[in-house]
Amino acid sequence: MNLTAGFQIIVNGMATGGVYAIFALGYTLVFSILGIINFAHSAVFTLGAYFTYALLGSQFGFNGLLARGRLPFGLSFPLALLGGAILAGLVAVMVERLAFRPLRKRGADPLLMLVSSLGVAVAIVNIIQYLFGAEPYTFPNILGGLPGSVNLGTPGTPLVARTVQLLIAGVSLVILALLTVYINYTNTGKALRAVAEDATTASLLGINTDRLVLLTFFLSGFIGGIAGTLVGLSVGITGPYFGIAFGLKGLSVIILGGLGSIPGAVLGGIVIGIGENLVPAEHVGYKDAVAFALLFIVLLVRPQGLLGRTQIQKV
Amino acid sequence: MAALLEIHDLAVYYGAIQALKAVTITVEPGEIVTLIGSNGAGKTTSLRCISRLINPRAGDIIYDGVSLLRRRPDEVVRQGIAHVPEGRRILSRLSVQDNLRLGAYSRHDRAAVRGDLDEQYVRFPILAQRRSQLAGTLSGGEQQMLAIARALMSRPRLLLLDEPSLGLAPIIVRDIFRIIRTLNAEGVTVLLVEQNAQLALQTAHRGYVLETGEVIFAGAAAQLIDDERVKKAYLG
Ligand SMILES: Nc1ncnc2c1ncn2[C@@H]1O[C@H](COP(=O)(O)OP(=O)(O)OP(=O)(O)O)[C@@H](O)[C@H]1O
Ligand SMILES: [Mg+2]
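Residues numbered from 1 in each chain as written. Chains lettered and ligands numbered in written order. Predicted model: local features only at pLDDT ≥ 70, side-chain atom pairs only at ≥ 80, totals over all residues. Heavy atoms only, no water.

**Concerning the overall build of chain B**
So, step 1. Of regular secondary structure, chain B possesses 10 helices and 10 strands.
So, step 2. In terms of overall size, chain B behaves like a compact globule, its C-alpha atoms giving a radius of gyration of 17 Å where 236 residues would be expected to give roughly 18 Å.
So, step 3. Each principal axis of the C-alpha distribution contributes one length, and for chain B these read about 45 × 40 × 40 Å.
So, step 4. Within chain B, the proportion of its 236 residues that are buried is 54%.
So, step 5. Restricting to contacts in chain B with at least 6 residues of sequence separation, those with at least 24 account for 67%.
So, step 6. Carbon and sulfur atoms make up 49% of the accessible area of chain B, which amounts to about 10,200 Å² in all. (Helix = DSSP H or I, 4+ residues; strand = E, 2+ residues; numbered from the N terminus. Rg over C-alpha atoms; globule rule 2.2 N^0.38 Å. Buried < 20%, exposed > 50% of the residue type's maximum accessible area, 1.4 Å probe, protein only. Contact = heavy atoms within 4.5 Å. Areas by Shrake-Rupley, 256 points an atom, 1.4 Å probe, with all protein chains shown as cover.)

**Focus on the coordination of the magnesium ion (ligand 2)**
Residue and element names in this part refer to chain B.
So, step 1. Looking at the magnesium ion (ligand 2), one finds its protein donor set to be T44 (OG1) and E86 (OE), positioned 1.9 to 2.3 Å from the metal centre. A residue pair is termed long-range when its members are at least 10 positions apart, and T44 in helix α1 (residues 43-50) and E86 in the loop between β6 (81-84) and α3 (96-103) qualify at 42 residues.
So, step 2. Judged by relative accessible area, which is 36%, E86 ranks as partly exposed. (Donors = N, O, S within 2.8 Å, 3.2 Å for Na, K, Ca; no water.)

**Considerations on the site of ligand 1**
All names here are of chain B.
So, step 1. Neighbouring ligand 1 are 13 residues, the closest being N39, K43, T44, T45 and E86.
So, step 2. Between ligand 1 and A41, the relevant distance is 3.2 Å, taken from an oxygen atom to a main-chain nitrogen or oxygen of the residue.
So, step 3. Here an oxygen atom of ligand 1 and a side-chain polar atom of K43 are 2.7 Å apart.
So, step 4. With three residues, the single largest contributor to the shell around ligand 1 is α1.
So, step 5. The class makeup of the residues in the shell around ligand 1 is three nonpolar, seven polar and three charged. (Near = heavy atom within 4 Å. Polar contact = N/O pair within 3.5 Å; in protein donor to acceptor, adjacent residues only side chain to side chain. Nonpolar A, V, L, I, M, F, W, Y, C, P; charged D, E, K, R; others polar.)

**Quick notes on unusual backbone geometry**
So, step 1. Look at R68 of chain A: it is not a glycine, yet its phi comes out positive at around 65°.
So, step 2. Summarising the element assignment, R68 of chain A is placed in the loop between α2 (41-55) and α3 (77-105).
So, step 3. Its identity as a non-glycine residue notwithstanding, D9 of chain B has a phi of 45°, on the positive side.

**Notes on α1 of chain B**
Residues spaced three or four apart along an α-helix point in a common direction, a consequence of the helix completing one turn every 3.6 residues.
So, step 1. For α1 of chain B, a buried count of six out of eight residues is recorded, marking the element as mostly surrounded by other parts of the structure.
So, step 2. Phi turns positive one or two residues past the end of α1 of chain B, at R52 of chain B, with a value near 70°.

**Focus: the sheet that holds strand β3 (residues 32-36) of chain B**
Residue and element names in this part refer to chain B.
So, step 1. An order of β6-β7-β8-β3-β9-β10 is seen for the six strands of this open sheet, with the pairing classed as mixed. Edge strands, defined here as strands with exactly one partner in the open sheet, are β6 and β10 (214-220). Averaged over all pairs of adjacent strands, the angle between their axes in this sheet comes to 15°, without regard to strand direction.
So, step 2. Looking at chain direction, strand β7 (residues 158-162) and strand β8 (residues 189-194) are connected through five bridges and run parallel. Of the residues in β8, the one forming a bridge with L159 is V190.
So, step 3. Seen against the sheet, helix α10 (residues 228-235) touches β9 (206-211) and β10 and runs at an angle of roughly 60° to β9. (Pairing = 2+ DSSP bridges. Axes fitted to C-alpha atoms, helices over the stretch in contact; angles between N-to-C directions.)

**So, the pairing of β10 of chain B**
Residues and elements named next belong to chain B.
So, step 1. Where β9 and β10 come together, six bridges link them in antiparallel fashion. What sits directly across from Y208, in β10, is A218.
So, step 2. Between β9 and β10, which pair antiparallel in sequence order, lie two residues; one of them, T212, sits at a positive phi of approximately 35°.

**Some remarks on the packing of aromatic side chains**
Geometry of an aromatic ring pair is reported as the spacing of the ring centres plus the angle between the planes.
Residues and elements named next belong to chain A.
So, step 1. Tallied over the full model, the rule gives 14 aromatic pairs over all chains.
So, step 2. Geometrically, the ring pair formed by F60 and F132 is edge-to-face, given 5.5 Å between the ring centres and 70° between the ring planes. You can see F60 sitting in the loop between α2 and α3 and its partner F132 sitting in helix α4 (residues 110-132), a full 72 residues away along the chain.
So, step 3. Since its relative accessible area comes to 8%, F60 is described here as buried. (Phe/Tyr/Trp six-rings, centres within 6.5 Å; stacked < 30°, edge-to-face > 60°.)

**Brief notes about the interface of chain A and chain B**
So, step 1. Contacts between the two partners involve 17 residues from chain A, matched on the other side by 22 residues from chain B.
So, step 2. Across the chain A to chain B interface the summed buried area is about 1,900 Å²; carbon plus sulfur atoms make up 57%.
So, step 3. For the chain A face of the interface with chain B, the top three residues by lost area are E197, L204 and L205 of chain A, together amounting to 35%.
So, step 4. A salt bridge links R89 of chain B to D198 of chain A, with the nearest nitrogen and oxygen atoms 2.8 Å apart.
So, step 5. For the interface between chain A and chain B, the tally reads six residue pairs in polar contact (both at pLDDT 80 or more).
So, step 6. Considering each element in turn, the side of chain A that touches chain B owes the most residues, six residues, to helix α6 (residues 187-197) of chain A.
So, step 7. Its residues placed into classes, the side of chain A that touches chain B shows six nonpolar, six polar and five charged. (Buried area = accessible area lost by both parts, 1.4 Å probe. Salt bridge = Lys/Arg side-chain N within 4 Å of Asp/Glu carboxyl O.)

**Looking at helix α7 (residues 170-185) of chain B**
Residues and elements named next belong to chain B.
So, step 1. Compared with the 22 Å implied by 1.5 Å per residue over 16 residues, the 23 Å span of α7 between its first and last C-alpha is a close match.
So, step 2. Three or more residues of α7 are buried, namely V173, I176, F177, I179, I180, L183 and N184. The buried residues of α7 occupy an angular sector of 155° when the element is viewed end-on, so they sit on one face. Set apart from the buried face of α7 by more than 90 degrees, the exposed residues are I171, R174 and A185.
So, step 3. In this fold, the buried residues of α7 make contact with β3, α4 (110-123), α6 (140-152), β7, β8 and α8 (197-203). (Expected span 1.5 Å × (residues − 1). Arc of directions from axis to C-beta.)

**Some words on the sheet that holds strand β2 (residues 17-27) of chain B**
Residues and elements named next belong to chain B.
So, step 1. Across the sheet, four strands lie side by side as β2-β1-β4-β5; this open sheet has antiparallel pairing. Of all strands in the sheet, those bounded by a partner on one side alone are β2 and β5 (66-67).
So, step 2. Contacts from α1 reach β1 (5-14), β2 and β4 (58-63), with the element oriented near 115° to β1.

**With respect to a nonpolar patch on the surface**
So, step 1. On the surface, L79, L82, I86, L87 and L90 of chain A cluster together to form a nonpolar patch covering roughly 400 Å² of accessible area.
So, step 2. Position of L79 of chain A among the secondary structure elements: in helix α3. (Patch = residues over 30% accessible without salt bridge, like charges linked within 9 Å, V, L, I, M, F, W, Y side chains within 5 Å.)

**Details of the nonpolar core**
Soluble globular proteins tend to pack their nonpolar side chains together in the buried interior.
So, step 1. With 91 residues, the main nonpolar core has V95, I124, I207, I226, L230 and I237 of chain A together with L102 of chain B as its most contacted residues.
So, step 2. The element that contributes the greatest number of residues to this core is helix α1 (residues 3-34) of chain A, accounting for 14 residues.
So, step 3. Beyond its immediate sequence surroundings of up to four residues, V95 of chain A is in contact with A40, F100, V120 and I124 of chain A.
So, step 4. Counting 48 residues, the second-largest nonpolar core is a separate cluster that includes L127, A135, I176 and L224 of chain B. (Core = buried A, V, L, I, M, F, W, Y, C linked by side-chain atoms within 4.5 Å.)

Without other data, these values stay purely geometric and don't point to any function.
The structure is reproduced here in structure tokens:
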């Protein structure tokens, strides 16, 4: 293996792994507060990609209600990415209000909330199909005048990476860094951790727990939407079911890293991302098997995941 | 003088089980009032009603002239009531300092919050030594101090304490009760739930004795401590 190939594995691994990590964090945030896996997260991921696509002013496909239309304006990529993420966050907030809160207030079994989130996922996928059609969408070139690949080495020892991959890795790392700072060092972040540990006590400290649950869903949808856009940039939007396969990958990431652990989600994402990119090009069909093989092996040795607490329990 | 807190005919059910039956308690500003009684009498339930963690089926809770029943727990804190729950419930995965800061979550006067933080460290020197330690690694006594200090960070007018002596060595219990008296002298009104009736009645101005969800005796602490029936049942 030469230097460039090794370098590309790292860049691609960071890009894939970074996206896995931010996507998986969306599950982790909700899990650590409510103790449930929000299956609607993968549908919000899909929506994020469509939202950004639309905000770029690109033309819709040939099927669906919006066929051949486009927004009367087009935003630059950074703004469209942000806008798509905010819209995805707002959808996640609606999911909490409509699908989770009513059940929570009645003290429903977590299993019911899980089923409810699956129902929401199916509904969102159907709405997407109704609006945008079932066909794949390809993002326009968002790099503008930038070259498609850059050499970060010297002419003698080239280290070439695709610009899009660098962009994806960069955006993911920035999001991870911002989220880490937000959760660990701001007052609101500390309050989120308080609610995650003990919601009743948090409310006795003057924390409005319902509002923080909404904030958690917003953050989860926001980063899920960004992940959707980034994956869409890399491989295109494959259709309304875009997020479903990715959702399974995200689940293996959080289980590998340790359910409910934020550093675990990040580590799990990077491990699976790099692991997949180690698969040689001629065996690319086995890429998806890597995630599940890694998961299987780790769980044999550490059932609680890489950074999970020894017991998975919610009191 | 208008009462700071008036609980009228409070009735609480857990499913079909009645935990409180027509409980009436008043707390005047500046008082230490204690609520004593044996296990399962309904002491914790009473405090949880005041903090709005549970809904009574009947009765009312008037604080500062206004009913609390339509408020959320976080709004009750903003009204000036701080609750130190049974079993301390410190946030074990956050540092001591972060626990204290969260105690001031409802406040927006940042400079004053910093001043209050320093004040807690003076009042509880052990917490100053442990400020960057995870709260879960504190000893039981230190956790109780942290729980009280955290409650004080909201600058309460009324402090609800649920069994602060639970599981602590006598010397630590003495410290904690000394702090309760000091706080009261500084103007904080206290509603103190205790199983250690002797100590509670020595500390409080007035007391209520709760048994299976009903107030069976009420009066000045000095009278209750000499009452033959109270002595027999609760003072051993
Ligand atoms: N969540 C609950 N579900 C059902 N019953 C409960 C619940 N909490 C308390 N109870 C019941 O309500 C009654 C009063 O309980 P409470 O905790 O208020 O007693 P307490 O006076 O604080 O007792 P202790 O001194 O043991 O703390 C008890 O009979 C208890 O079993
Ligand atoms: Mg109790």
